[in-house]
Amino acid sequence: MDLNARTLDALDWPSLQRALSEQASTARGARAGLALGPLEDVEEVELTLDAVEEFAYLARQATDLQLDQVGDVSDPVARAGHGEVLAALELRDVGATLAGLAYLARRLREQEADCPVLSATAEAIVVDPEVRELLSGAFDEKGELSGRAWPALGDLREGVAALHRQVREVLEQLIRGDDLEDVLQDRYVTMRQDRYVIPVKAHAKRWDLGIVHGTSGTGATVYVEPRQVVEINNRLRLAEAAMEAEERRILALLSRRVGEQAEALEEALGAAAAIDLIAARYRLAQRLGATRPLVGEDGVIALRAARHPVLLLRGVAVVPNDLHLDTKNPVLVLTGPNTGGKTVAMKTVGAAALLARAGCFVPAAEGSRVDFFDPILADIGDTQSVQGDLSSFSGHLMVLQEMLELAGDGGLFLLDEIATGTDPAQGAALARAYLEALAARGPRVVVTTHYATLKGMATADPRFGVAAMEYRDGRPTYRAVSGAAGESHGLATAERLGMDPRIVARARAVMDNAERELSQALAALDAATNRATWAEDEANKTLRALQAERLAIRRREERLAQRAKALEEEAAEAFRRRLRKAEQAIGQVVAQLQANPSHSRALAARAAVHAMEGLQPAEEPPPAPPPLIAGARVRLRTLGKTGEVVSVQGKRVTVRSGAIQLQVSATELEVLGGPLPPTAPVQPPALPPKEAPGALEDALRTGANTLDMRGMRAEEAMDEAEAFFDRAVMSHYDRVFLLHGHGTGALKQTIRRWLPTSAYVGAWAAALPDQGGDAYTVVSLRTP
């Protein structure tokens, strides 16, 4: 029994080969698609997948490789290599193919940096430019040998054409004249045995009018070559023979030149077919919505949202499934109702493994992993044989035995409804024992079953994982739920498919209590699992939404950072241009002053120097501290507290800090600002987005432009903010952030009521979510 061929048929591999072949642009690529098989190892798979991604890049760049210009010329090239003379049409096709090959190689050489694998493949495409040019100019627009390219042939053709005209003119004169009027059957000129003739009545053939070359079907007409044109016809036949000889000579020459390149051309055609097969892989991936899998050698399958490729090709709306196998859980037991999708899910794993091993993308979500497996074997369907005297169960056992002998690390085995067709108790026991023995040999295994014994193995043996096909609201959803040991729902399925309700009711009645209780328990477990799965799905949706929002915020911050950097670079470049211009001006003035010293030129040089000095940002002297007067806001250096001056008596100052009044030396105080104006309740100005243009919305928060006021009292926070604004203006910041947090909201409200009273504040608003949210206030500064 050929298990490999049986596996490929069971997993619908021929359908995938045909689908791939249909995506090829060349006949040779299409044949390669139909014969597509496994690649040698992981390295070759990765190189092939790289090439598919490179072709995807070319497709996005709208780069047309014109693969359809590479014809199927392997046979004529091979015959030319053996010395045969090719027909003109064959040579013309070879010429067009050589042009297509040269174009393909040139385009991929141009893309070497972005497409190294495809470019390396195209290195095998070597086309002799002399032969290509020779064939390119050898034929005219009609596909015939060109008289311009071959002048001798052109002259011979002109001579033949002239003789054709001459003989026809003589015959036209004869049939229009009166000499033959009585013997002509009709008045036209035709050809017989490659000679020009006229139709004559049968009785006139005895009149020695010329040479008879045939008669009509009725015998009433004979076709005569008149004596007047025999000589011309002879010269015409000789001229045609000379022309044909020249054509054969040219075709032999061209065929010989092609034959000299036969080996190189065969290699080039093979490389073009390989590139076409890469293109077909890409187009098939587009049709399937497939992605590049991660491929390793650890026996891992981690499919996310996987779909069966053949169902996709048929236009079926496929329910995606997550399916997993690894070293920890090498065996996956799929359970659930009949027609619930168990076999399709198992075949999806097998098809994905075959596709990955052949260097194709798999119809699953990004990030899916399908390692390299060898062998991949499946036992799906009936193996009954009348000729071999095998029952279904016997054939099934023979397949299981052969698979066990082939089992080992790196293999993938798919078993559909293992050990059925015999006594259920014995079948379940045999299935368990077989799977334990198979797992011990190291392959990855997916098995479908209705046996309760196998469903429970996940709890008893850590090597076994279980997933159930979901059954909700009395119908299968075709979704695999990991960790669930589903009930078979055989009676419910029979009821859904229209079986007589009396039979279904009788079946329920004859089930013993233990079976009924187990069935009910499994159904309850399915329902609980479904609810948990729904909750998990909702949580995942929320998580994905949050991740998308976080990504959007990060991208916004990146755009703002790029914008800030661009503005900084523009400003720096503008400064450099002004600096270069000033240096040039100073150089000119100095040169003029050296050449012709004068007081006026010295003044001009001094003005130029001053202009250059103006390019540097002037260091302004620090502002004078506010006066120490009653009402001034101060900080007590020794205590670290802030307060308000009550009175000043010489060097002694009375300060109120909260409910306490202190008398301290003026040297112990740091003046923060002048007296506050009367603080009538002030509502923060409404700042709809249109009144606060991108100045606030686009502000980017950094450590340098943010003041952390958390933990401060209101008065202290206002003092700190005023000093912070002053420093920010001096440092040329136009937008800053105040971090007051949420807390009780008292500090936030106080600060926002105070902001409009500050001479530094032009506008303010609560920070946007991507700026930190309402825990921050963003402030646009102005110079007081």
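Given the structure is predicted, the values throughout are model-derived calculations rather than measurements.

**Observations concerning the sheet that holds strand β12 (residues 464-472)**
Thinking step 1. Strand order across the open sheet formed by six strands is β9-β10-β11-β7-β12-β13, with mixed pairing between neighbours. Across the chains shown, the open sheet's two edge strands, defined by having one partner strand only, are β9 (376-379) and β13 (475-482). Across the sheet, the mean angle separating the axes of adjacent strands is 15° when strand polarity is ignored.
Thinking step 2. Alignment of strand β7 (residues 331-335) against β12, held across five bridges, turns out to be parallel. Looking across to β12, one finds that Leu-332 is bridged to Gly-465.
Thinking step 3. Set on the sheet, helix α14 (residues 392-406) makes contact with β9 and β10 (412-416); between it and β9 the angle comes to about 160°.

**Thoughts on the sheet that holds strand β3 (residues 210-215)**
Thinking step 1. Read from one edge of the open sheet, four strands run β1-β2-β4-β3, paired in antiparallel fashion. One side of each edge strand has no neighbouring strand; the edge strands of this open sheet are β1 (190-192) and β3. Direction aside, the axes of adjacent strands within the sheet are offset by 50° on average.
Thinking step 2. Sheet topology note: the β3/strand β4 (residues 221-226) ladder contains four bridges and is antiparallel. Residue pairing for β4: Ile-211 is matched across the bridge by Glu-225.
Thinking step 3. Of the strands in this sheet, β2 (195-201), β3 and β4 touch helix α10 (residues 227-260), which is tilted by about 75° from β4.

**Here we look at the side chain of Asp-276**
Thinking step 1. Position of Asp-276 relative to the elements: it lies in helix α11 (residues 262-288).
Thinking step 2. Buried and unpaired, Asp-276 has Arg-283 as its nearest opposite-charge partner, separated by 4.3 Å.

**A few points about the environment of Leu-400**
Thinking step 1. Locating Leu-400 in the fold gives a position in helix α14.
Thinking step 2. For the pair Leu-400 and Ala-419, spaced 19 residues apart in sequence, the C-alpha separation works out to 9.1 Å.

**Quick notes on the pattern of salt bridges**
Thinking step 1. One pass over the full model with this rule turns up 34 salt bridges.
Thinking step 2. One salt bridge connects Glu-247 with Arg-157, and the closest N-O pair in it is separated by 3.4 Å. Residue Glu-247 is found in helix α10, and its partner Arg-157 is found in helix α9 (residues 151-176); the two are separated by 90 residues along the sequence.
Thinking step 3. Classification of Glu-247 as partly exposed rests on a relative accessible area of 23%.
Thinking step 4. The partner of Arg-195 in a salt bridge is Glu-225, with the nearest N and O atoms 2.8 Å apart. Of this pair, Arg-195 sits in strand β2 while Glu-225 sits in strand β4, placing them 30 residues apart in sequence.

**Focus on the nonpolar core**
Thinking step 1. With 121 residues, the main nonpolar core has Leu-101, Leu-118, Ile-125, Leu-254, Ile-275 and Leu-412 as its most contacted residues.
Thinking step 2. When residues no more than four places from it in sequence are discounted, the contact partners of Ile-125 are Leu-101, Leu-104, Ala-105, Ala-268, Ala-271, Ala-272 and Ile-275.

**Observations regarding a positive patch on the surface**
Thinking step 1. Taken together, the side chains of Arg-550, Arg-554, Arg-555 and Arg-559 present a region of like positive charge at the surface.
Thinking step 2. Looking at the secondary structure, you find Arg-554 in helix α20 (residues 513-595).

**Details of the packing of aromatic side chains**
Thinking step 1. Tallying each qualifying case throughout the model produces five aromatic pairs.
Thinking step 2. Centre to centre, the rings of Phe-55 and Tyr-282 are 5.6 Å apart; their planes meet at 50°, and the pair counts as tilted. Linking Phe-55 in helix α4 (residues 42-60) with Tyr-282 in helix α11, this pair joins segments that are 227 residues apart in sequence. Pair check on accessibility: Phe-55 and Tyr-282 agree, each one buried.

**A short note on α9**
Thinking step 1. Here α9 is 26 residues long and its end C-alpha atoms lie 37 Å apart, about the 38 Å a rise of 1.5 Å per residue gives.
Thinking step 2. Buried within α9 we find Leu-153, Gly-154, Val-160, Leu-163, Val-167, Leu-171, Leu-174 and Ile-175.
Thinking step 3. The elements touched by buried residues of α9 are β2, β4 and α10.

Reading the values: the criteria
- Residues numbered from 1 in each chain as written.
- Predicted model: local features only at pLDDT ≥ 70, side-chain atom pairs only at ≥ 80, totals over all residues.
- Heavy atoms only, no water.
- Pairing = 2+ DSSP bridges.
- Helix = DSSP H or I, 4+ residues; strand = E, 2+ residues; numbered from the N terminus.
- Axes fitted to C-alpha atoms, helices over the stretch in contact; angles between N-to-C directions.
- Contact = heavy atoms within 4.5 Å.
- Buried < 20%, exposed > 50% of the residue type's maximum accessible area, 1.4 Å probe, protein only.
- Lys, Arg positive; Asp, Glu negative; His and termini not counted.
- Salt bridge = Lys/Arg side-chain N within 4 Å of Asp/Glu carboxyl O.
- Core = buried A, V, L, I, M, F, W, Y, C linked by side-chain atoms within 4.5 Å.
- Patch = residues over 30% accessible without salt bridge, like charges linked within 9 Å, V, L, I, M, F, W, Y side chains within 5 Å.
- Areas by Shrake-Rupley, 256 points an atom, 1.4 Å probe, with all protein chains shown as cover.
- Charge placed at Lys NZ, Arg CZ, Asp CG, Glu CD.
- Phe/Tyr/Trp six-rings, centres within 6.5 Å; stacked < 30°, edge-to-face > 60°.
- Expected span 1.5 Å × (residues − 1).

These figures come from the coordinates and say nothing about function on their own.
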